[in-house]
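# Structural overview
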Amino acid sequence: MAGPSITQKEIDYVTEAVRSAWFSNANVFHDRFEQGFAAHCGRRYAVSLPSCTSGLHLALLALGIGAGDEVIVPDATWIASVAPVSYVGAVPVFADIDAQTWCVSPESLDTLITPRTKAAIVVDLYGSMPDWDRLAAIAQRRGIALIEDAAEAVGSRWRERPAGAFGELSAFSFHGSKTLTTGEGGMLVVDDERLLDRVMRLRDHGRKPGDVMFRNEEIGFKYKMSAMQAALGAAQLERLSELVDAKRRIFKWYAEELDGCDEVTLNPDVPGLYNSYWMTTVIVRPELGIRKEAVIPELKRQGIDARPFFYPLSALPAYADTAQAELARAGNLVSQRITPYGINLPSGLTLERDQVALVCRRLRDCISALASA
Ligand SMILES: *Cc1c(COP(=O)(O)O)cnc(C)c1O
């Protein structure tokens, strides 16, 4: 379903780290990975972290967001995009997604802004990206901050600018399922020095950067990655274009194998978007009424792993009881039209063409069986 491409380079770097990245060399691989990653995103600073979730948590804290504030998130995303809003005691507000990009709808976001809105967390979903220029214009006009959740989009571009270039702070995930992995891990990128300073203190138990006397100035968090993870990340980053090419090749195989299959549509391909296709995803034509809950178990019986398109957050037991979720269920028609029929297909980086062809044969069979049932 999802998994990395590991070569001798990764093994060599991690081996070197476990041997040498101690004592005064403890941060050599962190520095290499962070500098390379900041450069890739065209940002001044990058901070390596244990996860993307911790990155979004720090981003909200650095912006001073807390109790009584509202933060807008797209309704259709992984819960990690929104859980940090709850951690800081702010109220998540669920915006609809756009039918073309699957990312947050700028119109929906605009209408949900209130005097309490401090920020929006915008997600580059499944490697797609929203119209960042429109979002930036709205954010500037309405005086809110944009945080980018680029967990699924390393290597994607919007109008030639890379994912990670668009948020006041932008967060990435290097979980084992992501395009670039460190096993578990994350990165926050930022340009503003004051925000960086807040992030550096909050991620290290409230210590001033450079503190050697262990004098904690506030209560913070402990959000770091190990040198072995950073070494793995540094190796993967050197291979990033190869990894993205592989994702795009897998998508192209699916597009060719499913050519002429009118029952499904594939990931967004809108002008200005260079999609890194973290997961090739099909939407079964909603009019057919064939839901993901029917397709996925049927594929499993045929030996094919698949995942559901994220459920709207407003439909998850975790958030369903909130007033904001109730509003979202009444208003977010695109999220509700797309997500029941979306299926992520196997997209691991070691997939071969004949495996993709097999998945597509099984998928076609499965849909025709369910359509005539
Ligand atoms: C994977 C993912 C995250 C969380 O990443 P972790 O590193 O597991 O914390 C956040 N947002 C999205 C959209 C993701 O897909």
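This structure is a prediction, so every number in the text was calculated from the model and none was measured.

The next point concerns the nonpolar core. Grouped together as the largest cluster of nonpolar side chains are 47 residues, with contacts concentrated most on Phe33, Phe37, Leu109 and Phe172. For this core, the secondary structure elements donating two or more residues are α1 (8-20), α2 (28-41), β3 (91-95), β4 (117-123), α6 (132-142), β9 (186-190), α8 (227-238) and α9 (240-257). Counting residues per element, this core draws most heavily on α8, which supplies six residues. In contact with Leu109, not counting residues within four places along its chain, are Ile72, Ala95, Val104, Ala120, Leu135, Ile138 and Ile144. If you look at the next biggest cluster of nonpolar residues, it comprises 39 residues, including Tyr126, Ile250, Trp253 and Tyr341.

Scanning all chains against the criterion turns up 15 aromatic pairs. Members of the aromatic cluster, joined through ring pairs, are Trp78, Trp102, Tyr126, Trp278, Phe309 and Phe310. In this structure, Arg157 packs its charged tip against the face of Tyr274, placed 4.1 Å from the ring centre. Here the guanidinium or amino end of Arg248 rests over the ring plane of Tyr274, the centre of that ring lying 3.9 Å away.

This paragraph deals with the pairing of β9. Most of β9 is tucked away: five of the five residues are buried. Strand direction decides the pairing type here: strand β1 (residues 45-49) and β9, joined by five bridges, are antiparallel. Considered in β9, the bridge of Val47 is made with Leu188.

Take the environment of Gly155 next. Structurally, Gly155 can be placed in the loop between β5 (145-149) and β6 (157-158). Discounting residues that sit within four places of it in the chain, Gly155 has contacts with His40, Val244, Tyr274 and Ser276.

Moving on, we get to the domain arrangement of the protein. By the assigned domains, the protein splits into domain 1 (8-238) and domain 2 (241-372). A separation of 25 Å is found between the C-alpha centroids of domain 1 and domain 2. With 41 residues of domain 1 in contact, the opposing surface of domain 2 contributes 42 residues. Surface buried jointly by domain 1 and domain 2 totals about 3,200 Å² across both partners, of which 63% is contributed by carbon and sulfur atoms. Inspection of the domain 1/domain 2 interface yields zero salt bridges. Put simply, domain 1 and domain 2 have 16 residue pairs in polar contact (both at pLDDT 80 or more) between them. Of the residues forming the side of domain 1 that touches domain 2, the biggest block, five residues, is contributed by β3. For the side of domain 1 that touches domain 2, a count of residues per class yields 22 nonpolar, twelve polar and seven charged.

What follows deals with the packing of α2 against α8. Running from N to C, α2 and α8 point in directions that differ by 35 degrees, and their axes come no closer than 8 Å. Like other packed secondary-structure pairs, α2 and α8 cross with a definite hand, here left-handed. Contacts between α2 and α8 involve Phe29, His30, Arg32, Phe33, Gly36 and Phe37 on the former and, on the latter, Ala227, Ala230, Ala231, Gly233, Ala234, Leu237 and Glu238. Partitioning the contact of α2 with α8 into residue classes produces eight nonpolar, three polar and two charged.

What counts and what doesn't
Residues numbered from 1 in each chain as written. Predicted model: local features only at pLDDT ≥ 70, side-chain atom pairs only at ≥ 80, totals over all residues. Heavy atoms only, no water. Core = buried A, V, L, I, M, F, W, Y, C linked by side-chain atoms within 4.5 Å. Buried < 20%, exposed > 50% of the residue type's maximum accessible area, 1.4 Å probe, protein only. Helix = DSSP H or I, 4+ residues; strand = E, 2+ residues; numbered from the N terminus. Contact = heavy atoms within 4.5 Å. Phe/Tyr/Trp six-rings, centres within 6.5 Å; stacked < 30°, edge-to-face > 60°. Lys NZ or Arg CZ within 6 Å of the ring centre and 35° of its normal. Pairing = 2+ DSSP bridges. Domains from an automatic or database assignment. Buried area = accessible area lost by both parts, 1.4 Å probe. Salt bridge = Lys/Arg side-chain N within 4 Å of Asp/Glu carboxyl O. Polar contact = N/O pair within 3.5 Å; in protein donor to acceptor, adjacent residues only side chain to side chain. Nonpolar A, V, L, I, M, F, W, Y, C, P; charged D, E, K, R; others polar. Axes fitted to C-alpha atoms, helices over the stretch in contact; angles between N-to-C directions. Left-handed = near helix turned anticlockwise from the far one by under 90°.

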